[in-house]
Every structure is written in C-alpha cells, then in structure tokens.
Amino acid sequence: MAKTIFITGASRGFGKLWAEALLQRGDKVAATARDLSALNDLVNKYGDNVLPLQLNVNDREAGIAAIAKAKQHFGSIDVLINNAGYGLFGTVEETTEQEAREQMETNFFGLLWLTQAVLPVMREQGHGHIIQLSSVLGLVTLPVLGLYNASKFAVEGLSETLATEVKGFGINVTLVEPNGFATDWSGASATQTTAMPEYDAVRAAFQEGVSGDIWGVPEATTPAVLKLIDSENPPLRLFLGSMAYPWVKQVNEGRYAEWDKWAEVSTAAHGK
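Residues numbered from 1 in each chain as written. Predicted model: local features only at pLDDT ≥ 70, side-chain atom pairs only at ≥ 80, totals over all residues. Heavy atoms only, no water.

Draft legend 1. Molecular detail of helix α3 (residues 60-74). Its 15 residues place the ends of α3 21 Å apart at the C-alpha level, agreeing with the 21 Å of an ideal helix rising 1.5 Å per residue. Next to the buried residues of α3 lie β1 (4-7), β2 (28-33), β3 (50-54) and α4 (97-125). Where α3 begins, one side-chain oxygen reaches toward the backbone nitrogen of E61, 3.3 Å away; that side chain belongs to D59. Two residues or fewer past α3, G75 is found with a positive phi of approximately 95°. (Helix = DSSP H or I, 4+ residues; strand = E, 2+ residues; numbered from the N terminus. Expected span 1.5 Å × (residues − 1). Contact = heavy atoms within 4.5 Å. Polar contact = N/O pair within 3.5 Å; in protein donor to acceptor, adjacent residues only side chain to side chain.)

So, in structure tokens, the structure goes:
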C-alpha cells in the first residue's frame, strides 16, 4: 500500500535519493528544500505525487505550516523523515557562539520543531513513523566534530524518550545511524571553523583517519530505508554501513571496561 512521506532536506544527498526511490515505487512525497528549484526534476517526473515545499527547518512556524499543507494536500502523513542537517568541522575551542548555535538550531531544534508539528497528525490517525536521521556520531565521537557530535547526541536522547511517549498512540520512532558516506555532507554542505594552529596536529590525524575506503555508497542505503519504512515493527535504531555497528560495539565495550573499574566507587557514592 502506498504511503505518504514528509522528508526534509530533499534537495540533495540522502534526502534526494530516498525521495526519488519512494516516488519511483508509487509513494506520495512532501519534499522540502530551502531552494525549490532543486526539486524541479522530481516535480517534472512525478507530477502530483510530489509536493514541493520551501522550508528552512530553523523556522518553527514555517515547519508547522508545511506539515499542515502536506496533510491538507495528501490527507495523511504516514512517515516523517527528519533528514535536514549539516556538519560543522572544527575543534571545540575554535567554535564561535554563532557557529555552535546554528549547528544546534538546524540539527536539533529543526528536527524537534518538525517532530512536534507532525505528532498531532499522527495521533489523530492512530499511526505514524518518525525517522530521525542521526549518525553513528550520535553514539560515538570523532575529534574536529564536537558540535556535530553534540547535536546528534541530543537527537538520540530526544528521540529515545519520544519513542516511549508515543508508542501508545501507534507511532514508531527510529534513529537512523549512518557511518560515513560519499555525499556532500563533508563537502559543499559543511561549514568550517577558523582554524587555530595549536590544533593542526589534531586535524592532520583526523584527516588521516577518514581517508580511504571508509565512505559508503549513498545509493546502497535505499533498500534499507525502504525496508525500514515498510516494517510493521521498526527498530529504535538502524545502522547504515558496514563500519557503524562494529565501531559502536567496540567503543561501548571500552566504556563498560572503564565503568567496571570504577563500579565500587560509583556504588559507594549512593550513600546507603
């Protein structure tokens, strides 16, 4: 059965790939972008099955209006894919207040506003699926991406809580956790802090670590996302890529080993 999907950040990258794949198989898609011309090819090819919406996710009222327009146009919203976001590259010390706030505004608050906007629609329907594009960097971290890491850690906490709050309304929540993929996330879509020479060695080590074959093929994610959307019992978290799960597992094993060493101190701190 065809579904209606609302997807943000559909002008390029994962958003564009997944929007087109959904349209190809007959779903209806409300696709948002800051520049509507980036969606012209989808409109020309798929006609009334796609509703192009100009949206800056940072604008809460505009997000509410976009959800309302999609609901009015299609009659329902079965799936929300919060895909819009970008990467801020730079060490924590280098990051300005404006850069930090803008990163959180888009990656976290933009996602929150759309989530809040769609919940009344899905509650009224008695069903829905909210898919949050997080990152493996919402579970583990890399240097030079501190604010991006923080924004995705925030998405993790918000969405895991949300899942427990809305399950009784027939609404599922899934965090999608990609490892690195060869999109323009680290290129044209990214922003950079002003570099401090004190961190040149940190940056060099980071660049050395992210070169080579670590980047996945974006198109290869599409079957996984379609399967996720079609699942009657979707997972809370879905890793994308061959490196994400092993990396998170390795880091968590190290965390448990450290916590075990300090377990006696931790327990004693309870006081009784």
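Additional details are given in the paragraphs that follow.
Draft legend 2. Summary view of the side chain of T193. Mapping T193 onto the fold places it in the loop between β8 (191-192) and α6 (200-209). A polar contact is formed between the side chain of T193 and the side chain of E94, at a distance of 3.0 Å. The contacts of T193, once residues within four sequence positions are left out, are L88, F89, G90, T91, E94, T95 and E99.

Draft legend 3. Representation of the packing of aromatic side chains in the model. Overall, the coordinates contain seven aromatic pairs when judged by the stated rule. Chaining the aromatic ring pairs together yields one cluster made of F14, W18 and F181. Between R123 and the ring centre of F169, over which it is positioned, the NZ or CZ distance is 5.8 Å. (Phe/Tyr/Trp six-rings, centres within 6.5 Å; stacked < 30°, edge-to-face > 60°. Lys NZ or Arg CZ within 6 Å of the ring centre and 35° of its normal.)

Draft legend 4. How the structure looks around the nonpolar core. If you look at the biggest cluster of nonpolar residues, it comprises 26 residues, and the most contacted ones within it are I7, W18 and I81. Sort the elements by how many residues they give to this core and helix α1 (residues 13-24) lands first, with five residues. Filtering out sequence-adjacent residues up to four positions away, I81 remains in contact with I5, F6, I7, T8, W18, L22, I131 and I229. Among the nonpolar cores identified, the runner-up in size contains 24 residues, and F74, I77, I171 and V173 belong to it. (Core = buried A, V, L, I, M, F, W, Y, C linked by side-chain atoms within 4.5 Å. Buried < 20%, exposed > 50% of the residue type's maximum accessible area, 1.4 Å probe, protein only.)

Draft legend 5. A look at the layout of surface pockets. Within this model, the second largest pocket holds a volume of roughly 170 Å³. Of the residues that constitute the lining of the second largest pocket, the class distribution is three nonpolar, six polar and three charged. (1 Å grid on protein atoms, 1.4 Å probe; cavity = no way out; pocket = protein on both sides within 12 Å on 5 of 7 lines; lining within 4 Å. Points joined across faces, edges and corners; volume = space filled by probe spheres on them. Nonpolar A, V, L, I, M, F, W, Y, C, P; charged D, E, K, R; others polar.)

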